[in-house]
Amino acid sequence: MRVTWAAGTLTFRLDPEDEITGKAADGYPVKLATNSCTITNVPDDAHPDLFAVAAWTVVAPWTRRRIVFDRAVSAELARALHDGWGVEAGPVGADPRPAGGTLAISYSGGADSVAAAVVYPDAPFVHFRRAPHPRVPNRWPHYRSDVLARLARQTGRPLTEVRSDLEYTLAEPRPGYPEHHAVAAGALLNADRLGLGGLAFGYEIGSRWLGGGRYLHRFTPDNPMWAPHGMWGRLFAAAGVHIVLPVGGVSEAVTMRLALGSELAAQVRWCLQGTGGPCRTCAKCLYKELIQAAVERRPLDTPLTADHPRARKWLRPPPYGGQEMVEYGLARIPGIEDTLFADCLEYFEASEESTSWLDHCYPPALAEIPEPWRAQAVSFMTAQVGLMTEKEIHRVETWGS
Ligand SMILES: [Zn+2]
């Protein structure tokens, strides 16, 4: 793989051993559509290791044995690529980038992201906004990146908005990040400008510790995407931008409660389709409604019924992505037996007692927050959420077994 950067445009050329089909770090198969993308509002003179990591978030799935950058990287960065992916990276010759003192939030506007922002009320935001690609048709026109960007501006936080078409480098399964970390490409390139030493993501306990997202249902202490000692954690750290998960120890019930109870509540938006508000009928709206109704202890409020195609998934037996939250919702929502989740109930014996661990914070998640920002998260979680008991910790660590 050979990569070049010019005025925010990344162009990459595959070597003979590279392939246009690959797998993201979570094992999910992805297919390449095109070999260039642009990120706006980024400087030309960022540290070369920042350019390298930003490029790697886009080209990692296609790269097999080596990567040649257009500017020399540090030996530390090359080592992180070698140790993590078995890839030879060069040329080597730059001094490493020292970590800055600022923590920024990679801000999407969803409940998890807002909750991360609530933990650090002074942290600036970097918002990734999808832009059209000049050569790849947009087959997902209902995605309202303009609405999400407007809500991000309305938060009043210091905001860096970066626009990019990098999601269109992916042909399949659909426009999206080649690696989850590609959402950070613009933040990485702005790291010198913002003095960043850390970048906070809204990944919660399901994504970090319970095998959530594209994994299913197992305890993942060595999560390759988000553990500090994982391949991505070490790569970001080598470029002086530590991955920070402020809400990595709490469930989506807690992030929902924190987000909707915060001063940013009016700007929370997890739906990518609605304009005046969430659409209420997409898969994400349904899943988040399950959580919100449980948190608010009220009946489910959805126009979807059991004969809707969207309900089909819930007629199949588990495991489901985000299964811990499905159990949490089923155990708490009054009248759930009269909703489209009715048939789902027979697969679980979830009770409030058996799911109460999802109301507390898993302490090892706080321990892995880098020192400059750890105390703030510990005091916040202790005061606002409460730490898990030994028994609850055991629930996390035996999840899926
Ligand atoms: Zn929706």
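Refer to the structure above for everything that follows.
Residues numbered from 1 in each chain as written. Predicted model: local features only at pLDDT ≥ 70, side-chain atom pairs only at ≥ 80, totals over all residues. Heavy atoms only, no water.

Enquirer: Would you mind showing me how to read the overall build of the chain here?
Expert: Check the secondary structure of the chain and you find 14 helices and 13 strands. Over its C-alpha atoms the chain spans a radius of gyration of 21 Å, differing by no more than 12% from the 21 Å that the globule rule assigns to 401 residues. With respect to the principal axes defined by its C-alpha atoms, the chain has extents near 60 × 45 × 40 Å. Expressed as a percentage of its 401 residues, the buried residues of the chain come to 57%. As displayed, the chain offers around 16100 Å² of accessible surface, 51% of which is attributable to carbon and sulfur atoms. Considering the chain, the positive charge centre built from 40 side chains and the negative charge centre built from 45 side chains are found 6 Å apart. (Helix = DSSP H or I, 4+ residues; strand = E, 2+ residues; numbered from the N terminus. Rg over C-alpha atoms; globule rule 2.2 N^0.38 Å. Buried < 20%, exposed > 50% of the residue type's maximum accessible area, 1.4 Å probe, protein only. Areas by Shrake-Rupley, 256 points an atom, 1.4 Å probe, with all protein chains shown as cover. Lys, Arg positive; Asp, Glu negative; His and termini not counted. Charge placed at Lys NZ, Arg CZ, Asp CG, Glu CD.)

Enquirer: Just checking my understanding: could you explain the packing of helix α9 (residues 252-260) against helix α10 (residues 283-296) for this structure?
Expert: To characterise two packed helices, one gives the angle between the axes of the helices and the distance between these axes. Between α9 and α10, whose axes approach to 9 Å, the crossing angle comes to 75 degrees. In terms of their interaxial angle, α9 and α10 are classed as roughly perpendicular. Here α9 contributes E252, A253, M256, R257 and L260 to the contact with α10, which in turn contributes Y287, K288, I291, Q292, V295 and E296. Residue composition of the contact of α9 with α10, grouped by class: 6 nonpolar, 1 polar and 4 charged. (Axes fitted to C-alpha atoms, helices over the stretch in contact; angles between N-to-C directions. Parallel < 35°, antiparallel > 145°, perpendicular 65-115°, else oblique. Contact = heavy atoms within 4.5 Å. Nonpolar A, V, L, I, M, F, W, Y, C, P; charged D, E, K, R; others polar.)

Enquirer: In this structure, what is going on with the environment of G198? I would like to understand it.
Expert: Relative to the helices and strands, G198 is located in strand β12 (residues 196-200). Its relative accessible area of 0% is what places G198 among the buried residues. On a C-alpha basis, the gap between G198 and E172 in space is 31 Å, while along the polypeptide they are 26 residues apart. Among all residues touching G198, those that are not within four sequence positions of it are T102, L103, A104, V241, H242, V244 and W373.

Enquirer: Is there a simple way to explain helix α11 (residues 323-332) in this structure?
Expert: Two residues of an α-helix separated by three or four positions point the same way, owing to the 3.6 residues in each turn. When you tally the buried positions in α11, you get 10 out of 10 residues, the bulk of the element. The set of residues buried in α11 consists of Q323, E324, M325, V326, E327, Y328, G329, L330, A331 and R332. The inward-facing, buried residues of α11 contact α7 (205-208), α9 and α10.

Enquirer: How should the pattern of salt bridges be read in this particular structure?
Expert: Pairs can form between side chains of opposite charge whenever their charged atoms are close. Enumeration over the complete set of coordinates arrives at 22 salt bridges. The partner of E161 in a salt bridge is R129, and the shortest N-O contact between them spans 3.3 Å. With E161 in strand β10 (residues 159-164) and R129 in strand β9 (residues 125-130), this pair connects stretches of sequence that are 32 residues apart. Grouping residues by exposure puts E161 and R129 together as buried. R163 is paired through a salt bridge with E161; the nearest N and O atoms lie 3.0 Å apart. One continuous salt-bridge network, built from bridges that share partners, spans R2, D15, E17 and R66. (Salt bridge = Lys/Arg side-chain N within 4 Å of Asp/Glu carboxyl O.)

Enquirer: Just checking my understanding: could you explain the coordination of the zinc ion for this structure?
Expert: Here the zinc ion is held by the protein donor atoms C271 (SG), C279 (SG), C282 (SG) and C285 (SG), which lie 2.3 to 2.4 Å from it. Coordination at the zinc ion is tetrahedral, judged from the 4 donor atoms that bind it and the angles of 104 to 119 degrees they form at the metal. Site description for the zinc ion: donor spacing in sequence, C-x7-C-x2-C-x2-C. We classify C279 as partly exposed; its relative accessible area is 25%. The class of C282 is buried, set by a relative accessible area of 8%. (Donors = N, O, S within 2.8 Å, 3.2 Å for Na, K, Ca; no water. Tetrahedral: all angles 85-135°; square planar, octahedral: opposite > 155°, others 65-115°.)

Enquirer: What exactly am I supposed to notice about the sheet that holds β12 here?
Expert: Strands belonging to one sheet form pairs held by backbone hydrogen bonds; the direction of such a pair is parallel or antiparallel. Strand order in the open sheet formed by 5 strands is β10-β9-β8-β12-β13, with parallel pairing between adjacent strands. Either end of the sheet is taken by a strand with one partner, and the two such strands are β10 and β13 (242-244). Adjacent strand axes in the sheet meet at a mean angle of 30 degrees, parallel and antiparallel pairs treated alike. Across 4 bridges, the pairing between strand β8 (residues 102-106) and β12 is parallel. In the strand pairing of β12, I105 is matched with A200. (Pairing = 2+ DSSP bridges.)

Enquirer: Would you mind going over the state of the cysteines with me for this structure?
Expert: Here is the idea: a disulfide is a covalent bond, and it sits between the sulfur atoms of two cysteines. Scanning all chains against the criterion turns up 0 disulfides. No disulfide involves C344; its sulfur sits 18 Å from the nearest other cysteine sulfur, which is in C282. A relative accessible area of 0% means that C344 is categorised as buried. (Disulfide = S-S within 2.5 Å.)

Enquirer: Looking at this structure, I do not really get the packing of aromatic side chains. What am I missing?
Expert: The geometry of an aromatic ring pair comes down to the distance between the two centres and the angle between the two planes. Summed over the entire model, instances satisfying the criterion amount to 15 aromatic pairs. Ring geometry for F201 against Y203: centres 6.3 Å apart, planes inclined by 40 degrees, an arrangement best described as tilted. The class for Y203 is partly exposed, based on a relative accessible area of 22%. Over the face of the ring belonging to F51 we find R71, whose NZ or CZ atom lies 4.1 Å from the ring centre. The ring of Y328 carries the charged tip of R332 above its face, separated from the ring centre by 3.9 Å. (Phe/Tyr/Trp six-rings, centres within 6.5 Å; stacked < 30°, edge-to-face > 60°. Lys NZ or Arg CZ within 6 Å of the ring centre and 35° of its normal.)

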